[in-house]
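# Commentary on secondary and tertiary structure
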Amino acid sequence: MEVSIIEKAINGDDESFLIMMKNYKTDIYKTALAFLKNKEDAREALQEVTARAYQKRHQLRKPLYAKTWLVRITIHYCQDLLTHKKRIHTREYVDPVQERRDETERIALEEAISSLQPKEQELVYLKYFHGITFRELSKIMNVKENTLKTRLYTALAKLKQELGEEEQHEQA
């Protein structure tokens, strides 16, 4: 995405803002779906994140990080929604036999990720689901790269332990 469009959006150009949001709506939707586990709620999150981003567009300091900024707004919105409503969402399951194992593994991973602390969840999603580098994460989160690496490896160890325990229960 062109930096000039994002700069215009930050400076109040509504048409540029709409172009920017259209470009990143898939990333926002996928992030919301991963947290909320419900397509309808993810669509609502997309609308809410768009409104919040519009209201706070002047806070985006570096156009280069627009995607990350929008994903973070999405994560914060989803965490707030889950905290305040304390709703449990169920996923729509695909029934073909060949897809069952993949679906089960994906659900186990999502449940394991949801057992992490919110900051750990955010770090895992930004790093692995959105491919953001440690350097970018460091600038965005205002935390040293090595600290982020340590936090991520700690979170991954927790995930490994969580997933390992589930495998042991399944084998029993």
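In the block above lies the structure referred to throughout.
Residues numbered from 1 in each chain as written. Predicted model: local features only at pLDDT ≥ 70, side-chain atom pairs only at ≥ 80, totals over all residues. Heavy atoms only, no water.

## Observations concerning the overall build of the protein
Helix and strand counts for the protein come out as 8 helices and 0 strands. The buried share of the protein, reckoned over its 172 residues, is 41%. The contacts in the protein between residues at least 6 apart in sequence include a share of 61% that link residues at least 24 apart. (Helix = DSSP H or I, 4+ residues; strand = E, 2+ residues; numbered from the N terminus. Buried < 20%, exposed > 50% of the residue type's maximum accessible area, 1.4 Å probe, protein only. Contact = heavy atoms within 4.5 Å.)

## Quick look at the packing of aromatic side chains
A full pass over the atoms with the stated rule returns 3 aromatic pairs. Judged by centre distance (5.2 Å) and plane angle (75°), the rings of Phe 17 and Tyr 54 are edge-to-face. Here Phe 17, found in helix α2 (residues 14–36), pairs with Tyr 54, found in helix α3 (residues 39–55); they are 37 residues apart in sequence, far enough to count as distant. A centroid spacing of 4.8 Å and a plane angle of 40° characterise the contact between Tyr 125 and Phe 129, whose relative ring orientation is tilted. Residue Tyr 125 and its partner Phe 129 are located together in helix α6 (residues 118–129), separated by 4 residues, close to a single helical turn. (Phe/Tyr/Trp six-rings, centres within 6.5 Å; stacked < 30°, edge-to-face > 60°.)

## Here's the deal with the pattern of salt bridges
Enumeration according to the criterion identifies 5 salt bridges in this entry. Across the salt bridge formed by Glu 122 and Arg 72, the nearest N and O atoms sit 2.7 Å from each other. Highlighted residues: Glu 122 in helix α6 and Arg 72 in helix α4 (residues 66–85), separated in sequence by 50 residues. Accessibility assignment for this pair places Glu 122 and Arg 72 in one class, buried. (Salt bridge = Lys/Arg side-chain N within 4 Å of Asp/Glu carboxyl O.)

## Points about the packing of helix α1 (residues 3–10) against α2
Between α1 and α2, whose axes approach to 7 Å, the crossing angle comes to 125°. As summarised for this structure, α1 and α2 are arranged oblique, according to the angle between their axes. Along this stretch, α1 crosses α2, giving a crossing that reads as left-handed. Packed against α1, whose contacting residues are Ile 5, Ile 6, Lys 8 and Ala 9, the element α2 presents Ser 16, Phe 17, Ile 19, Met 20 and Tyr 24 at the interface. Of the residues belonging to the contact of α1 with α2, the class tally is 7 nonpolar, 1 polar and 1 charged. (Axes fitted to C-alpha atoms, helices over the stretch in contact; angles between N-to-C directions. Parallel < 35°, antiparallel > 145°, perpendicular 65-115°, else oblique. Left-handed = near helix turned anticlockwise from the far one by under 90°. Nonpolar A, V, L, I, M, F, W, Y, C, P; charged D, E, K, R; others polar.)

## Details of the nonpolar core
Ranked by size, the top nonpolar core spans 46 residues in total, and within it Met 20, Leu 137 and Met 141 carry the most contacts. Listing elements by their share of this core, those giving two or more residues are α1, α2, α3, α4, α5 (97–114), α6, α7 (134–141) and α8 (145–171). With 10 residues, the single largest contributor to this core is α2. (Core = buried A, V, L, I, M, F, W, Y, C linked by side-chain atoms within 4.5 Å.)

## Thoughts on the side chain of Gln 121
Along the polypeptide, Gln 121 turns up in helix α6. Each residue touching Gln 121, except ones within four places of it in the same chain, is listed here: Phe 35, Gln 79, Ile 113, Ser 114 and Leu 116.

## Looking at the packing of α6 against α7
Where α6 contacts α7, the two axes come as close as 10 Å, and the packing angle between them is 135°. Between α6 and α7, the angle is such that the two are oblique. Here α6 and α7 pass one another in a crossing that is right-handed. Here Glu 122, Leu 123, Leu 126 and Lys 127 of α6 lie close against α7, whose contacting residues are Phe 134, Leu 137 and Met 141. Taken together, the residues of the contact of α6 with α7 break down into 5 nonpolar, no polar and 2 charged.

## Concerning unusual backbone geometry
Although it is not a glycine, Lys 37 adopts a positive phi angle of roughly 60°. Relative to the helices and strands, Lys 37 is located in the loop between α2 and α3. Judged by its relative accessible area of 17%, Lys 37 is buried.

## A few points about α3
Structural remark: α-helix, 3.6 residues per turn; residues separated by three or four positions point the same way. If you check α3, its first and last C-alpha atoms are 25 Å apart, about what 17 residues at 1.5 Å a residue would give, namely 24 Å. Residues of α3 that are buried include every one of Asp 41, Ala 42, Ala 45, Leu 46, Val 49 and Ala 53, and no others. All buried residues of α3 project into a common sector of 150° when viewed along the axis, lining one side. Opposite its buried face, α3 presents the exposed residues Glu 40, Gln 47 and Gln 55, each directed more than 90 degrees away. You can read the cap of α3 off the contacts: a side-chain oxygen lies 3.0 Å from the backbone nitrogen of Glu 40, and it is on Asn 38. (Expected span 1.5 Å × (residues − 1). Arc of directions from axis to C-beta. Polar contact = N/O pair within 3.5 Å; in protein donor to acceptor, adjacent residues only side chain to side chain.)

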